[in-house]
Amino acid sequence: MASFSWVFFGFSLMMVGLVSSSRFEELYQPSWALDHLTTEGEILRMKLDHLSGTGFQSKSKYMFGKVTVQIKLVEGDSAGTVTAFYMSSEGPTHNEFDFEFLGNTSGEPYTVQTNVYVNGVGNREQRLKLWFDPSKDFHSYSILWNQRQVVFLVDETPVRVHSNLEHRGIPFPKDQPMGVYSSIWNADDWATQGGRVKTDWSHAPFVASYRGFEISGCECLATVAATENARRCSSSGEKRYWWDEPVMSELSVHQSHQLIWVRANHMVYDYCTDTARFPVAPVECQHHQHKTTHN
């Protein structure tokens, strides 16, 4: 069992009835191209070649919590490749929280794209350049999800927050169990410089390495209706889940400053400021822009 530290959020809390593990085979299973996944001790390697990419998925679905994985991305010339780590529900009105790592030519920095789908609708892309080379060592990538916010974290630094603005009539993903997924594939029609730089297959195989698999969340039963899972995975009475604690409902002051720093120094694209795509800023953007006007 993995030990979970929430000192980052300023407190520690006993977790009740939650799934927590650091072993790949306890939490996940390969989902396609099994011959493109290999394990070496605690490290999982996924490769992309001219034949196929590959991926894995969690054995269970979850409602709220935090998922983390440590990834060492493709080294060298990774142009045209995409490595993704994400949560998603199923169906045409699915919810989804994406990390997509867009490969680049040697010497150029990786671009990290995040996206949020709500009720089947995405188009909420943000892109940033990391403050380190993610292909040189393992770094942790996390998604925190509760009824108040979705937070994307890199090495425990928040890089994006999607807040619950239901009081303003904006849907928020909180009623569909979500699986956890990762994959590597060829996307040279768009991934690198808008598709201008193609995958150089002479550099294949392209390998992404994984370790430190952690899921701390409420496991949902496949035989139970989503509404019942939502009720069961929410705090009530003496049953308290850590993600429902008030301190988890918004970023701490320190985290807010970290997010401001990320946005000011590392963000290269934000759908909220793309007036060509959105002549009128989406409503949730107006809220976030207001919160970051002191940037």
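Computed from a prediction, not measured in an experiment: that's the story for all the values here.

Even after reading the chapter, I still don't get the environment of phenylalanine 56, so can you show me in this structure?
Structurally, the position occupied by phenylalanine 56 is in strand β4 (residues 54-58). Considered as a pair, phenylalanine 56 and leucine 34 are 22 residues apart in the sequence and their alpha carbons are 9.0 Å apart.

Is there a simple way to think about empty space enclosed by the protein in this case?
In total, this model carries one cavity of 30 Å³ or more according to the counting rule given. Quantified by volume, the largest cavity comes out at close to 40 Å³. Forming the walls of the largest cavity are Tyr62, Phe64, Gly65, Lys66, Val67, Met87, Ile143, Trp145, Ile215 and Gly217. Looking at the lining of the largest cavity, the elements that each hand over two or more residues are β5 (61-72), β10 (139-145) and β14 (206-220). Among the elements that take part in the lining of the largest cavity, β5 stands out by supplying five residues, more than any other. Residues belonging to the lining of the largest cavity are distributed by class as follows: seven nonpolar, two polar and one charged.

Just checking my understanding: could you explain the side chain of glutamine 126 for this structure?
Residue position: glutamine 126 is located in strand β9 (residues 126-129). For glutamine 126, a relative accessible area of 6% puts it in the buried group. Within polar-contact distance, the side chain of glutamine 126 engages the side chain of aspartate 270 at 3.4 Å. Those residues in contact with glutamine 126 that sit more than four places away from it in its chain are Val112, Gln113, Thr114, Val159, Arg160, Arg263, Met267, Tyr269, Asp270 and Tyr271.

Sorry, what's going on with the sheet that holds β14 here?
Backbone hydrogen bonds are what pair the strands of a sheet, in a parallel or an antiparallel way. On the basis of which strands lie adjacent, the open sheet formed by seven strands has the order β2-β3-β14-β5-β10-β11-β12 and antiparallel pairing. Because the sheet does not close on itself, it has two edges, and the strands there are β2 (37-40) and β12 (157-163). Put simply, the sheet's adjacent strands are angled 25° from each other on average, direction ignored. Pairing geometry for strand β11 (residues 149-154) and β12, over six bridges, is antiparallel. The residue of β12 that forms the bridge with phenylalanine 152 is arginine 160.

What am I meant to see in helix α3 (residues 253-265) here?
Given 3.6 residues per helical turn, the α-helix brings residues three or four places apart onto the same face. A rise of 1.5 Å per residue sets the reference length of α3, with its 13 residues, at 18 Å; its end C-alpha atoms lie 18 Å apart and thus fit the reference within 8%. Here α3 has its buried residues at Gln255, Gln258, Leu259, Ile260 and Val262. Those residues of α3 hidden inside the fold are in contact with β9, β12 and β15 (267-270).

I keep staring at the packing of aromatic side chains and nothing clicks. Help me out?
The description of an aromatic ring pair uses the distance of the two centres, along with the angle that the planes make with each other. Following the criterion strictly, the structure yields 20 aromatic pairs and no others. Between phenylalanine 97 and tryptophan 145 the ring centres are 5.7 Å apart and the planes differ by 70°, which places this aromatic pair in the edge-to-face class. Placement of phenylalanine 97 in strand β7 (residues 96-102) and of tryptophan 145 in strand β10 is noted, with a sequence separation of 48 residues between them. The exposure class assigned to phenylalanine 97 is buried, which follows from its relative accessible area of 0%. Judged by its relative accessible area of 0%, tryptophan 145 falls in the buried class. Chaining the aromatic ring pairs together yields one cluster made of Phe24, Tyr28, Phe56, Tyr210 and Phe213.

Even after reading the chapter, I still don't get unusual backbone geometry, so can you show me in this structure?
Apart from glycine, the bulk of residues carry a negative phi angle, and the bulk of peptide bonds sit in the trans form. The amide bond that connects alanine 204 to the next residue, proline 205, takes the cis arrangement and shows omega of 0°. We note that phenylalanine 64 has phi near 75°; this positive angle belongs to a residue other than glycine. With respect to the secondary-structure elements, phenylalanine 64 resides in strand β5. Exposure remark for phenylalanine 64: the relative accessible area of 3% places this residue in the buried category. Its identity is not glycine, yet glutamine 193 carries a phi of approximately 50°, on the positive side. For glutamine 193, the position within the fold is in the loop between β13 (179-186) and β14.

Is there a simple way to explain the layout of surface pockets in this structure?
If a probe the size of a water molecule is rolled over the atoms, the empty space left behind becomes visible. In this structure, the second largest pocket occupies an estimated 200 Å³ of space. Every residue lining the second largest pocket is counted, 17 residues in all, and those nearest its centre are Gly107, Glu108, Tyr110, Asp133 and Ser135. For the lining of the second largest pocket, the residue count by class is six nonpolar, seven polar and four charged.

What am I meant to see in the pattern of salt bridges here?
Two side chains that carry opposite charge are able to pair once their charged atoms sit near each other. This structure, assessed with the given rule, holds 12 salt bridges. Linked by salt bridges that have partners in common, Arg23, Glu25 and Glu26 make up one network.

Cut-offs and rules
- Residues numbered from 1 in each chain as written.
- Predicted model: local features only at pLDDT ≥ 70, side-chain atom pairs only at ≥ 80, totals over all residues.
- Heavy atoms only, no water.
- Helix = DSSP H or I, 4+ residues; strand = E, 2+ residues; numbered from the N terminus.
- 1 Å grid on protein atoms, 1.4 Å probe; cavity = no way out; pocket = protein on both sides within 12 Å on 5 of 7 lines; lining within 4 Å.
- Points joined across faces, edges and corners; volume = space filled by probe spheres on them.
- Nonpolar A, V, L, I, M, F, W, Y, C, P; charged D, E, K, R; others polar.
- Buried < 20%, exposed > 50% of the residue type's maximum accessible area, 1.4 Å probe, protein only.
- Polar contact = N/O pair within 3.5 Å; in protein donor to acceptor, adjacent residues only side chain to side chain.
- Contact = heavy atoms within 4.5 Å.
- Pairing = 2+ DSSP bridges.
- Axes fitted to C-alpha atoms, helices over the stretch in contact; angles between N-to-C directions.
- Expected span 1.5 Å × (residues − 1).
- Phe/Tyr/Trp six-rings, centres within 6.5 Å; stacked < 30°, edge-to-face > 60°.
- Salt bridge = Lys/Arg side-chain N within 4 Å of Asp/Glu carboxyl O.

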